[in-house]
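# Residue-level structure breakdown
These are the residues of each chain, in order.
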Amino acid sequence: MSLLEVNQLDVRFALRRGDVKALRDVSFTLDRGERLGIVGESGAGKSVAAFSLLNLIAKPGYIAGGSIRFDGQELIGMRDRHLRQIRGNRISMIFQDPMMTLNPVLSIGEQMVECLKAHRRIGRREARAIALRKLEQVHIPSPEARLDQYPHELSGGMRQRVIIAIALLLDPDIIIADEPTTALDVTIQAEIMDLLLELCEKHNVGLILITHDLGVVSQVTQRMLVMYAGRVIEQGPTREIINDPQHPYTQGLMNALPQMATPGSRLNQIPGSMPSLDNLPSGCAFHPRCGFTQRPDGSERTACRSEVPGFVASGNCQAACHMVAEMQDQERIPAQETSR
Amino acid sequence: MIAFLIKRLFHALLVMFVISLIAFSIQNNLGDPIQQMVGQSVPESEREILREELGLNDPFLVQYLRFARNAVQLDFGYSYIFNEPTTDVVLRHLPATLELVAATTLLIVLLSVPIGVYSAIKPRAWLSRFFMGASIVGISIPVFLTAIVLIQLFSIGVSWSPFPGETGWGSWLNGLVSTEGGMPAYGRGDPVHVVGTWYTNFASTEGLVYLVLPAISLASIMLPLFIRLIRAEMLEVLQSEYVKFARAKGISLRRIYFLHALKNTMLPVITVGGVQIGTLVAYTILTETVFQWPGMGLMFLNAINRSDIPLIITYLMIVGLIFVITNTLVDLIYGLVNPTVKLTGKPA
Amino acid sequence: MTTQTSPQQAPPLPSRWERLRDSYLLYSFKRDPIAQLSLLVFVVFVACAVLAPWLAPMNPYDLAQIDILASELPPFWIDGSDPAYVMGTDAQGRDLLSTILYGARVSLIIGFGAVALQALLGVVFGLLAGYLGGRIDAFLMRLADIQLSFSTLMVAIVVGALVKAIFGSATFSTYAVPLLVLIIGLAEWPQYARTVRASVLAEKGKEYVDAARTMGLPSRRIMFRHILPNTLSPIFVISTVQVANAIISEAALSFLGLGMPETHPSLGSLIKSGFDYIQSGSWWITLIPGAVLVVLVLVINLLGDWLRDVLNPRLYKG
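Not measured: the values here are computed from a predicted model.

Within chain B, the secondary structure is distributed over 13 helices and two strands. For chain B, the proportion of contacts with a sequence separation of at least 24, taken over those separated by at least 6, is 67%.

Here we take up helix α9 (residues 176-204) of chain C. For α9 of chain C, which comprises 29 residues, the first-to-last C-alpha distance of 41 Å matches the rise-based estimate of 42 Å (1.5 Å per residue) to within 8%. Its axis deflected by about 40° at E188 of chain C, α9 of chain C carries its strongest bend there, up to four residues before the proline P190 of chain C.

Moving on: the pairing of strand β12 (residues 317-320) of chain A. Two faces belong to every sheet, and in a regular strand the side chains alternate between them. All names here are of chain A. Of the two faces of β12, the one holding C317 and A319 and the one holding Q318 and A320 are both buried throughout. Relative to β12, strand β11 (residues 311-314) is paired through four bridges, and the arrangement is antiparallel. Residue pairing in the sheet places V312 in a bridge with A319 of β12. Once β11 ends, the chain turns through two residues before running back antiparallel as β12, passing G315 with a positive phi of about 65°.

Attention now goes to the packing of α9 of chain C against helix α12 (residues 232-255) of chain C. Residues and elements named next belong to chain C. Two elements in contact, α9 and α12, have axes separated by 10 Å at closest approach and are oriented at 155°. Between α9 and α12, the angle is such that the two are roughly antiparallel. Like other packed secondary-structure pairs, α9 and α12 cross with a definite hand, here right-handed. Along its contact with α9, which presents L180, I184, E188, Q191, Y192, T195, V196 and S199, the element α12 presents P234, I235, I238, Q242, N245, A246, S249, E250 and L253. Each residue belonging to the contact of α9 with α12 can be placed in one class, and the counts come to nine nonpolar, six polar and two charged.

Whenever strands of a sheet pair, they do so through backbone hydrogen bonds, lying parallel or antiparallel. Residues and elements named next belong to chain A. One open sheet holds the eight strands; their spatial order is β6-β7-β8-β3-β9-β10-β12-β11, and the pairing between them is mixed. Every other strand in the sheet has two partners, leaving β6 (91-94) and β11 as the edge strands with one partner each. The sheet shows a mean angle of 20° between the axes of neighbouring strands, direction not considered. As paired elements, β6 and strand β7 (residues 174-178) share four bridges and run parallel to each other. Of the residues in β7, the one forming a bridge with S92 is I175. Relative to β6, helix α7 (residues 156-168) is tilted by about 175°, and along the sheet it contacts β6 and β7.

The next point concerns the nonpolar core. With 248 residues, the main nonpolar core has I208 of chain A, I312 of chain B together with I157 of chain C as its most contacted residues. For this core, the element with the highest residue contribution is helix α5 (residues 96-132) of chain C, accounting for 18 residues. Residue assignment places this core across two domains, with domain 1 (100-169) and domain 2 (253-261 + 268-339) of chain A each supplying three or more. Not counting chain neighbours up to four residues away, the residues in contact with I312 of chain B comprise I26, F300, A303 and I304 of chain B.

Residues and elements named next belong to chain B. Residues with a pLDDT of 70 or more make up 86% of chain B, whose mean pLDDT is 82. Across chain B, the element-wise mean pLDDT spans from 51 in helix α8 (residues 171-177) up to 94 in helix α10 (residues 241-248). Long-range and interchain partners of residues 159-165, a stretch whose pLDDT sits below 50, account for ten contacts in this model, where long-range means more than four residues apart. Every residue in residues 344-348 scores below 50 in pLDDT, and together they form four contacts with partners more than four places removed in sequence or on other chains. Reported for the predicted complex are a pTM of 0.85 and an ipTM of 0.89.

For the rest of this paragraph, the subject is the interface of chain C and chain B. In this assembly, 36 residues from chain C lie in contact with 36 residues from chain B. Every element with two or more residues in the side of chain C that touches chain B is listed here: α6 (134-149), α7 (152-167), α12, α13 (267-275) and α14 (284-311) of chain C. Counting residues per element, the side of chain C that touches chain B draws most heavily on α14 of chain C, which supplies ten residues. Across the side of chain C that touches chain B, the residue classes break down as 26 nonpolar, eight polar and two charged.

This part is about the interface of chain A and chain B. Counting from both sides, the interface comprises 24 residues of chain A and, opposite them, 20 residues of chain B. Secondary structure elements with two or more residues in the side of chain A that touches chain B: α2 (80-86), α3 (98-101) and α4 (108-119) of chain A. The greatest single-element share of the side of chain A that touches chain B, amounting to four residues, is contributed by α4 of chain A. A breakdown of the residues in the side of chain A that touches chain B according to their chemical character gives twelve nonpolar, seven polar and five charged.

Residue and element names in this part refer to chain A. Tracing the backbone through its elements, the reader meets M112 in helix α4. M112 gets classed as buried once you count the C-beta atoms within 10 Å, which come to 25. Taking C-alpha positions, M112 is 9.5 Å from A167, a pair spaced 55 residues apart along the chain. Here M112 is in contact with A131, I166 and L169, once residues within four sequence places are set aside.

Below, the discussion takes up the arrangement of the chains. Contacts are most numerous between chains B and C, taken over all two pairs of chains that touch. Separating chain A from chain C is a minimum C-alpha gap of 11 Å, and the two share no contact.

Bringing helix α5 (residues 124-137) of chain A into the picture now. All names here are of chain A. The end-to-end C-alpha distance of α5, which contains 14 residues, comes to 20 Å, matching closely the 20 Å that a straight helix rising 1.5 Å per residue would cover. Buried within α5 are the following residues: A131, K134 and L135. For α5, the angular spread of the buried residues around the axis is 100°, confining them to a single face. Contact partners of the buried residues in α5: α4, α6 (143-146) and α7. Note on α5: the residue one or two positions beyond its end, H139, has a positive phi of about 60°.

Before going further, it helps to examine the packing of α4 of chain A against α5 of chain A. Residues and elements named next belong to chain A. Where α4 contacts α5, the axes come no closer than 9 Å and their chain directions differ by 110°. Viewed along their axes, α4 and α5 adopt a mutual orientation that is roughly perpendicular. Two packed elements cross with a definite hand, and for α4 against α5 that hand is right-handed. From α4, G109, M112, V113, L116 and K117 reach across to α5, where they touch R124, A127, R128, I130 and A131. For the contact of α4 with α5, the class distribution of residues is six nonpolar, one polar and three charged.

All names here are of chain A. The element strand β8 (residues 206-211) is extensively covered by neighbouring structure, given that six of its six residues are classed as buried. Of the two faces of β8, both are covered, the one formed by G206, I208 and I210 as well as the one formed by L207, L209 and T211. Here strand β3 (residues 35-39) pairs with β8 via five bridges, running parallel. Looking across to β8, one finds that R35 is bridged to L207. Bridge analysis of β7 against β8 gives five bridges, and the strand direction is parallel. Following the sheet pairing, I176 is matched in β8 by I208. For the crossover from β7 across helix α8 (residues 186-203) to β8, the handedness is right-handed.

Right, let's talk about the sheet that holds strand β4 (residues 61-70) of chain A for a bit. Residue and element names in this part refer to chain A. The four strands are arranged β2-β1-β4-β5 in an open sheet whose pairing can be described as antiparallel. A single partner strand is all that each edge strand has here, and the edge strands are β2 (18-30) and β5 (73-74). When β4 meets β5, the two strands line up antiparallel, connected through two bridges. If you follow F70 over to β5, its bridge partner there is Q73. The strands that helix α1 (residues 46-53) touches are β1 (4-15), β2 and β4; relative to β2, the one it contacts most, it runs at about 70°.

Cut-offs used in this document
Residues numbered from 1 in each chain as written. Chains lettered and ligands numbered in written order. Predicted model: local features only at pLDDT ≥ 70, side-chain atom pairs only at ≥ 80, totals over all residues. Helix = DSSP H or I, 4+ residues; strand = E, 2+ residues; numbered from the N terminus. Contact = placed C-beta atoms within 7 Å. Expected span 1.5 Å × (residues − 1). Bend = angle between axes of the 7 residues up to and from the residue. Buried ≥ 20, exposed ≤ 12 C-beta atoms within 10 Å, placed from the backbone. Pairing = 2+ DSSP bridges. Axes fitted to C-alpha atoms, helices over the stretch in contact; angles between N-to-C directions. Parallel < 35°, antiparallel > 145°, perpendicular 65-115°, else oblique. Left-handed = near helix turned anticlockwise from the far one by under 90°. Nonpolar A, V, L, I, M, F, W, Y, C, P; charged D, E, K, R; others polar. Core = buried A, V, L, I, M, F, W, Y, C linked by C-beta atoms within 7 Å. Domains from an automatic or database assignment. pLDDT = per-residue confidence, 0-100. Arc of directions from axis to C-beta. Right-handed = clockwise from strand over helix to strand, strands pointing away.

Okay, here's the thing in structure tokens:
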């Protein structure tokens, strides 16, 4: 049994004109110490997935169905009082923008100590000692002085280190990091990512890394999910997906990387843009942008328009695509015919 | 800290300078001391001599400097109405107004924070909707009308139901002060002497009863404003990333609401509160007029109606001073609450 | 991309009416019964005020029509009322309904007039301060700060007292309407100026202003043709609230005896004149005009609230 098992998670936003489905049928697992990447464009539902794990999605969002089992306990429907004992304690989070994440009117020390005191019966002095040790672990210079400083006195990179220290305070089993480096200067991004990777490996902490950066995913994670319009469309070991993406969307993402373009020519874009969640295309949500809705012989693959594709395995990976499914069938059928 | 204080002091002096210029030009253009000192019968030639003696023919700057020198010593001349130094008159009326403002501020602070916070935390609860609806009605009722309605309901009563005739709803309070008829609505009653010209309403039950209606009507205009402000700011803060992060840390909701969110909510509220103190003092003119509360506001209106220019000027200068002092205090408090204001001079 | 002249005509630009019909403003208005009711009541008020001379049973300004013997008559639902005077009469025997209709007219004229003046001053000063910056900005905003820290009502009372002292009571009464417009307009411009300045500063940072400047357009043109249109929604919202404020300010001044004379009353001076008779039990003289004033201000405030929710502009805090 995995440490975290998410099954058919369904998240909706209750708007006046009706529910908008932000996540549909999202399933994945995470083992102890494993690092999982969740990749997709903005609006694909990555952050919603991250926040719904701890039931932190902002209203009017709500979890409409599915199951989230953590260490044998079901988190969906759990009372807030009990869920609070897991938040920050066994599963902690790192947010996107360190400039906005720390409370501007409370000192760094206060914000660390309160987290410790929320989960453990512990004295103030002892809590400060732990906080100090964690600040040292994230390589913050003169950590003692930082405890009494306020967030505005630190740079963005320093603040993200503080946030990582807060995430590590109670030695959690899982850290969920939602685009932890996008808001930072490019020069600092790699530093912070290396730090996060180092700490996760050292303390055997599971990591769910949400990002749109395929480069970071390939360096840090062991497995990955690709999301599009609220659904997982491809999943498997990171290396295999990066080397041989099956789903046309994943292929498009790979091709869009600057290093994939021929020098001197334009970057390869996926034509069009992601549909809005309240107005999804029928069938496979990607079909209006997909270059493979026609078979090589020119005939239309009508299933793309009419049916939501299921997962097809290929190697250790799974992709949700009619084209992939058809190709596999064709490979199998001629093989059977020749053997006859 | 010192740099901040010096900057604030400079600002305060600038404001006082502007006010004194206004006060001086009022005195210069409207107040004719000769007219007040001597009657109509005195011939023009004698008036001219008097004018010269009093320095009224001196250049503008010389006259202003004389005015400013006297102003620093709080000497603004004699009141026409009271025939005594204007500063004494204003200071005698000051405690009544300050007590009214203090009682009102207390009401506002005690009610606006819990109501504002509640309606931000539970925006859909029917009680929150009621508070928001009531507050927009409250904003739309002029303060003097609230005062009149309160007098009608609690002090006079209306002969047809549901109002108890003759006494009004305040009759049950009359037992406390053993007065006949409705709730006391005019004047301060019989305040207790404290020291000098200071008499207080806070020292006796009777005094407090006299404060009730004026304080409620003065609060009625500010309270809805603050409830709406606190609610709006709190709603914004509750949407912020740092509140979300605090939730992700597993902090209790109570601590998130009353420490993380409220502290950030109060920053703009303190700033607005500083500005609103000025408005509150302005509204005392209206409240005191309705309730015949013997404070500075009522005195000021009498001074206006009887063109007592020195008294008007003294009121303006002293009220200006009160505004400047309170605004400086509010800035100091703001600096103490908000760590991003460098008040302590500690190296960042 | 190659430029191709398309054979079919481009669709015609939507007319103003079509744009309004499809706008979010109208959509949310249709869904908000409180806004609809408020607008209805407000329109009725304006219509009554405009048509007061035709609607009112008598002309309260005409001394010949006043019957002093019919003074302090109660409204129709109380014993002792006279069917000729539906809302009763005031202490001078004027029909209360007529004085209220005329009074609402005066209150609305002053309210709108004062807001027009404030808007003019505030928009010009706010644009100047926000766009030019530097010393002009510092001076204007310091002035606005000082004025606001004294509160607009206090400034209006002081200016009102001075104006009355300068002109004398008789002249003041004759020219009370334009003078009150002037007094309230001068007292309240900082609200506008700060709001306009804040949105100018926000707009100024945007690229289209840079672009206009690089093209060498003169400052005045950039301010009025490019920046001003983008600050319209906060101006629109604040105007609504300011009309309500101006009407309340006028009522307050009149109540203090610094506004409309009793011979030519606004709602505020009606309340004042009635207040003297409240102890004698004639509560209707003061409370009926009071209720009318509250309803008028309330519907304007409700409309302002709705507009703010819909347009959601950046408003100056504090």
